[in-house]
There are 2 protein chains.
Amino acid sequence: MKTSRSYGKHSHATLASVAKRAGVSIATVSRVVNGAPVKIAAQTVLAVRKAVADLDYRPQSAGRALRKGTTQIIAVLAANLGNPTMAAIASSIEHALRQNGYVMLLCDTHEQADIQDEYLREMEALRVRAVIMVVAVPSPKLDEFRQAGIPLVFVNRRDPVRSPFPYVGIDNAAAGRDVADYCLAKGWRDIAVIHASLVYSAGRERLQGFLERLQQAGGDMRPVRQFGSAGLDHLRIGEQAMQELLAQQMRPDAVICLSDLLAYGAYKQASGAGLAIPRDLTMISFDDGPLNQWIAQWLSAVRIPYELIGNAVISVLTAMLENPQDKTPRAQAAMDKIIPHQLIIRG
Amino acid sequence: MKTSRSYGKHSHATLASVAKRAGVSIATVSRVVNGAPVKIAAQTVLAVRKAVADLDYRPQSAGRALRKGTTQIIAVLAANLGNPTMAAIASSIEHALRQNGYVMLLCDTHEQADIQDEYLREMEALRVRAVIMVVAVPSPKLDEFRQAGIPLVFVNRRDPVRSPFPYVGIDNAAAGRDVADYCLAKGWRDIAVIHASLVYSAGRERLQGFLERLQQAGGDMRPVRQFGSAGLDHLRIGEQAMQELLAQQMRPDAVICLSDLLAYGAYKQASGAGLAIPRDLTMISFDDGPLNQWIAQWLSAVRIPYELIGNAVISVLTAMLENPQDKTPRAQAAMDKIIPHQLIIRG
DNA sequence: TAGCATAATGCAAACGTTTACATAAACAGA
DNA sequence: TCTGTTTATGTAAACGTTTGCATTATGCTA
């Protein structure tokens, strides 16, 4: 069993070297390796397999990519890796992709259009198989991509432009309504909302669903106060928003934060001001990242089941890759994958 | 200015198409694009540049990779993306790599040897330029890699095998001593430590430095109690360790956790048991991830300046890529990049 | 036995780059 | 005018795959 391999060191095995060792042509080796749909003598298969194992052969993706015009790489463009929820989503996607023979190329766009564009360009040059946008922003190159035939999947935030590309994530409006229902059940009369930018689908839908349901319910509710500003750093936005809130006379019964990070920022400010959460103030947020249950027991939240996102993405992705013809808006919108959320009450 | 481009849609521009448009050979285009060290007529350069711009040409990395035998991809194998500190480090590295014209390929090894190996194999097939191991475990393929000539950098945890490859991170032993000094200054007599596996450099050195300094100081200190177990999930290890600790008679003055996540786990357990941190119990950890200052004000911690790691990695990496001959242990060990840590006191 | 389908494999082109080498043009020195 | 040198550019091979087509061997039908 002791072969003298691993002394060729640097030079990796190639189809040619495997073919030579197995005494066949490179075409045959390629066919065996790829399980091509042709008959190959059992004996030959065995010989090739052995040579492959002996030489520790792995197809070099450069050659393959050049020939086939595509790769096994799937790019994930995430808006902010510093956000634990997004990191958890990336991790989940990575898992699912690996299980399916893809490799994940993960980038951090910092939610900036120019960085996103630079990455998209790079992905084009790399000939990635597909691009998964975890919270996308509108950008010129993204516009081009929609026409370019490279499959796109939008996670957590829908395509900022209404497009035929699928969305994977929770039903944000429904989540907003659930939070409203909970508030109503608690009999709260004075509620504040902390938000970041509302131009994107996730935040906007959450807020709409929430307000809509409160309105439906009627009752003697005070008008919902809204705090926040557009911007990238939810932590600071939350901090500032809470500061403004606390500067007002009335302390609300509850503060709804449209993301975990907003809640974290608000929490720091409130704590600094001497408030105890949730004793003095109930806080509810959206996302419910994996750390909340450990160190944010003061926070109730709508949980995005991030562990499920990987598989959900894979399922829409494989559907897209298998029926590349189905480019009609109807066909693809039907591929949206809405995953179930859950309101977790803590504290 | 209105060229009729972008109607060629799918078919990307290639050297050939650019060459044709500029009226030169593909060799010339390649030289211009790559800034080859040869004289080229100013006029020609201009013509090529224009054609490149008109066609929105980008070199396809498959062709380049095939020809050059390497890529601009640098792989980052991180042990756990769910750890905010590691996510922050990944983000920092990504930033620095992008600035230097590389692309980051980020993987999550879950600190498992088999997954790590699978990725290493994949990286080999992809012909990545270098591999950055953010918390590595020993594995057979890693052994092969050390000989294979692919640059390796170890971040946060040294190569589990003593090797000539550089380490980027804090001086863990010194950090441990700093924590000990702080404890001594506070006059604490009874201290507990919560740890995960101690077979790796980071945890081991932290603990050694800590104990060593306490011992040096002498005094009427109680023996340091240690809790914890080997395993991957620091959160649960911390939780369990705190449970064991609280089951004992004496409540210590302080609990030192060898990582943030251990502290989070311990915190949940302690809170659940009705303890207020830090009122009833001081906790100190190592890492100090980016969220601590927002939602873990109860936790003091040795801060790894993760924002600095990206640039530190880049600097050792470029040094390695430029002097590939310098493979002597001395030369490379000298390349270790120790970044400064800081003990942040909160609460 | 000739003719022909079928099964198994080989041959060679193509993918887009980079780069060693060849060539052409221009010019200087004699 | 011829030779030699410099400068700018072109030619073609190579990198490792996949795959349409050609080829050979085998078995079957008539």
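Being a predicted model, the structure only gives us computed values, none of them experimental.

Rules behind the numbers
- Residues numbered from 1 in each chain as written.
- Chains lettered and ligands numbered in written order.
- Predicted model: local features only at pLDDT ≥ 70, side-chain atom pairs only at ≥ 80, totals over all residues.
- Heavy atoms only, no water.
- Near = heavy atom within 4 Å.
- Polar contact = N/O pair within 3.5 Å; in protein donor to acceptor, adjacent residues only side chain to side chain.
- Helix = DSSP H or I, 4+ residues; strand = E, 2+ residues; numbered from the N terminus.
- Nonpolar A, V, L, I, M, F, W, Y, C, P; charged D, E, K, R; others polar.
- Salt bridge = Lys/Arg side-chain N within 4 Å of Asp/Glu carboxyl O.
- Buried < 20%, exposed > 50% of the residue type's maximum accessible area, 1.4 Å probe, protein only.
- Pairing = 2+ DSSP bridges.
- Axes fitted to C-alpha atoms, helices over the stretch in contact; angles between N-to-C directions.
- Contact = heavy atoms within 4.5 Å.
- 1 Å grid on protein atoms, 1.4 Å probe; cavity = no way out; pocket = protein on both sides within 12 Å on 5 of 7 lines; lining within 4 Å.
- Points joined across faces, edges and corners; volume = space filled by probe spheres on them.

### Some thoughts on the protein's contact with DNA strand D
Moving on, step 1. Around DNA strand D, 28 residues are found, and the nearest of them are Leu15, Ser30 and Arg67 of chain A together with Lys39 and Thr44 of chain B.
Moving on, step 2. Within the backbone of Gln60 of chain A, an N or O atom sits 3.2 Å from a phosphate oxygen of DNA strand D.
Moving on, step 3. At the level of elements, α2 (26-34) and α4 (61-68) of chain A together with α2 (26-34) and α4 (61-68) of chain B are the ones that each hand at least two residues to the surface near DNA strand D.
Moving on, step 4. Split by residue class, the surface near DNA strand D holds 11 nonpolar, 9 polar and 8 charged.

### Some details on the pattern of salt bridges
Residues and elements named next belong to chain B.
Moving on, step 1. On inspection of all chains with the given rule, the structure shows 45 salt bridges over all chains.
Moving on, step 2. The partner of Asp143 in a salt bridge is Arg146, with the nearest N and O atoms 2.8 Å apart. Note that Asp143 and Arg146 are positioned in helix α7 (residues 140-148) at a spacing of 3 residues, about one turn of the helix.
Moving on, step 3. A relative accessible area of 13% places Arg146 in the buried class.
Moving on, step 4. Across the pair Asp288 and Arg303 runs a salt bridge whose closest N-O atoms are separated by 3.9 Å. Of the two residues, Asp288 sits in the loop between β9 (282-287) and α12 (292-295) while Arg303 sits in strand β10 (residues 299-303), which places them 15 residues apart along the sequence.

### Quick notes on the sheet that holds strand β8 (residues 254-257) of chain A
Residue and element names in this part refer to chain A.
Moving on, step 1. Spatial strand order, β7-β6-β8-β9-β10-β12: 6 strands in an open sheet with mixed pairing. In the strand order of this sheet, the two ends are held by β7 (225-228) and β12 (342-344), each with one partner. Taking the axes of each pair of neighbouring strands and ignoring which way they run, one obtains an average angle of 20 degrees across the sheet.
Moving on, step 2. Relative to β7, strand β6 (residues 191-195) runs parallel, the two sharing 4 bridges. Among the inter-strand pairings, Ala192 is bridged to a residue of β7, identified as Arg225.
Moving on, step 3. Here helix α8 (residues 172-186) sits on the sheet in contact with β6, β8, β9 (282-287), β10 (299-303) and β12, set at roughly 165 degrees to β9.
Moving on, step 4. Lying on the sheet, helix α11 (residues 260-272) is in contact with β6, β8, β9 and β10; it crosses β9 at an angle near 150 degrees.

### Description of empty space enclosed by the protein
Moving on, step 1. Taken as a whole, this structure holds 3 cavities of 30 Å³ or more when the rule is applied.
Moving on, step 2. For the largest cavity, the calculated volume is near 130 Å³.
Moving on, step 3. In terms of lining residues, the largest cavity is bounded by 13 residues, among which Thr71 and Leu126 of chain A together with Ser61, Ala62 and Leu126 of chain B are the most central.
Moving on, step 4. Secondary-structure elements contributing two or more residues to the lining of the largest cavity are α4 of chain A together with α4 of chain B.
Moving on, step 5. Of the residues contributing to the lining of the largest cavity, the split by class is 8 nonpolar, 4 polar and 1 charged.
Moving on, step 6. Of the pockets and cavities examined, the second largest cavity occupies roughly 40 Å³.
Moving on, step 7. Contributing to the lining of the second largest cavity are Leu81, Gly82, Asn83, Pro84 and Ala87 of chain A together with Pro84, Ala87, Ala88 and Pro290 of chain B.
Moving on, step 8. Counting residues per element, the lining of the second largest cavity draws most heavily on helix α5 (residues 84-99) of chain B, which supplies 3 residues.
Moving on, step 9. Partitioning the lining of the second largest cavity into residue classes produces 7 nonpolar, 2 polar and no charged.

### Some remarks on the protein's contact with DNA strand C
Moving on, step 1. In the vicinity of DNA strand C lie 27 residues, with Thr28, Lys39 and Thr44 of chain A together with Leu15 and Arg67 of chain B positioned nearest.
Moving on, step 2. Restricting attention to atoms of DNA strand C within 4 Å of the protein, one finds that 64% of them are sugar or phosphate atoms.
Moving on, step 3. One of the backbone N or O atoms of Arg67 of chain A is found 3.3 Å from a base oxygen in DNA strand C.
Moving on, step 4. For DNA strand C, a base nitrogen lies 3.2 Å from a polar atom in the backbone of Gly63 of chain B.
Moving on, step 5. Among the residues forming the surface near DNA strand C, the class breakdown is 11 nonpolar, 8 polar and 8 charged.

Spatial relationships are all this shows, so hold off on functional conclusions.
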